[in-house]
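# Fold and contact review
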Amino acid sequence: MRIGLCSEIEGGLYMWPESSVDDSMIEKDVILGAGTCIRRKGFVRSESVLMAGSRIECAADYEGTSGPGTIFMHPSQCWICCGRRCDCGAGNFFGTWRFDSKASKFLIRGRQVTPKEKVGNATFLGDNVRSAVMVNFTPGTRVGSDTLIGPGVVATGRLDPGRAYLLKQDIVKARVSLLRR
């Protein structure tokens, strides 16, 4: 366990061996698994759980539960529950509040379910989810395992496992003329 210089801990931090906090902010009642690293202005909010080998770095603002080996880097705001080995790119945004201030509704086995707790508006990521830069997740989004999300995508609803979600791009062919003197 290591708490480095310029770290601010509000209290109730539970750390496993080989985990470290350097130049970062940790709110109260946070659990850090073995080998977890919070550094370079990382911010972990109250009652978050980071499992073994997770990393929060470079001004990432994290709240939720992460599976082992998950990485959050660069300015991104997170309120999520995620599986193992997820890798979220720079500038990802995980929406937390709906515009209508209601809880998200889910269709589970043909029944509509609305969680009573506020966690229903979190983003849920399965195992091995990879997102590129500047991906926006709306509140209550569920992403299946082994999914790739390309840059600039607005992810909403339920994303099926094992697929790649990319922006539609149009390729424009243009003629370039070079001026000669």
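The following refers to the structure shown.

Calculation notes
- Residues numbered from 1 in each chain as written.
- Predicted model: local features only at pLDDT ≥ 70, side-chain atom pairs only at ≥ 80, totals over all residues.
- Heavy atoms only, no water.
- Helix = DSSP H or I, 4+ residues; strand = E, 2+ residues; numbered from the N terminus.
- Buried < 20%, exposed > 50% of the residue type's maximum accessible area, 1.4 Å probe, protein only.
- Contact = heavy atoms within 4.5 Å.
- Areas by Shrake-Rupley, 256 points an atom, 1.4 Å probe, with all protein chains shown as cover.
- Salt bridge = Lys/Arg side-chain N within 4 Å of Asp/Glu carboxyl O.
- Polar contact = N/O pair within 3.5 Å; in protein donor to acceptor, adjacent residues only side chain to side chain.
- Pairing = 2+ DSSP bridges.

The helix and strand tally for the protein chain stands at zero helices and 25 strands. Across the 181 residues that make up the protein chain, the buried fraction comes to 38%. Across the protein chain, every contact between residues at least 6 apart in sequence was considered, and the portion connecting residues at least 24 apart equals 17%. With an accessible surface of roughly 11,000 Å², the protein chain has 55% of that area assigned to carbon and sulfur atoms.

Right, let's get into the pattern of salt bridges. Here the idea is simple: oppositely charged side chains can pair when their charged atoms come close. Applying the stated criterion across every chain yields a total of eight salt bridges. The residue D61 makes a salt bridge to R45 at a minimum N-O spacing of 2.8 Å. Taken as a pair, D61 in strand β11 (residues 61–66) and R45 in the loop between β8 (43–44) and β9 (49–50) lie far apart in primary sequence, 16 residues in all. Taking the relative accessible area as the measure of exposure, D61 reaches 16% and is therefore buried. The structure contains a network of salt bridges with shared partners spanning R39, R40, R55 and E57.

Note that T70 resides in the loop between β11 and β12 (71–72). For T70, the side chain forms a polar contact with the main-chain oxygen of G67, separated by 2.9 Å. Sequence-distant contacts of T70, that is, excluding residues within four places in its chain, are made with G53, S54, R55, C82, G83, R84, R85 and C86.

Our focus in this paragraph is the sheet that holds β12. Through backbone hydrogen bonds, the strands of a sheet pair up, either in parallel or in antiparallel fashion. Strand order in this open sheet of nine strands is β1-β4-β7-β10-β12-β14-β19-β22-β25, and the pairing throughout is parallel. The open sheet has two free edges, formed respectively by β1 (2–3) and β25 (164–165), since each of these has just one partner strand. For strand β4 (residues 20–22) and strand β7 (residues 37–39), the ladder comprises three bridges, and the chain directions are parallel. Looking across to β7, one finds that S20 is bridged to C37.

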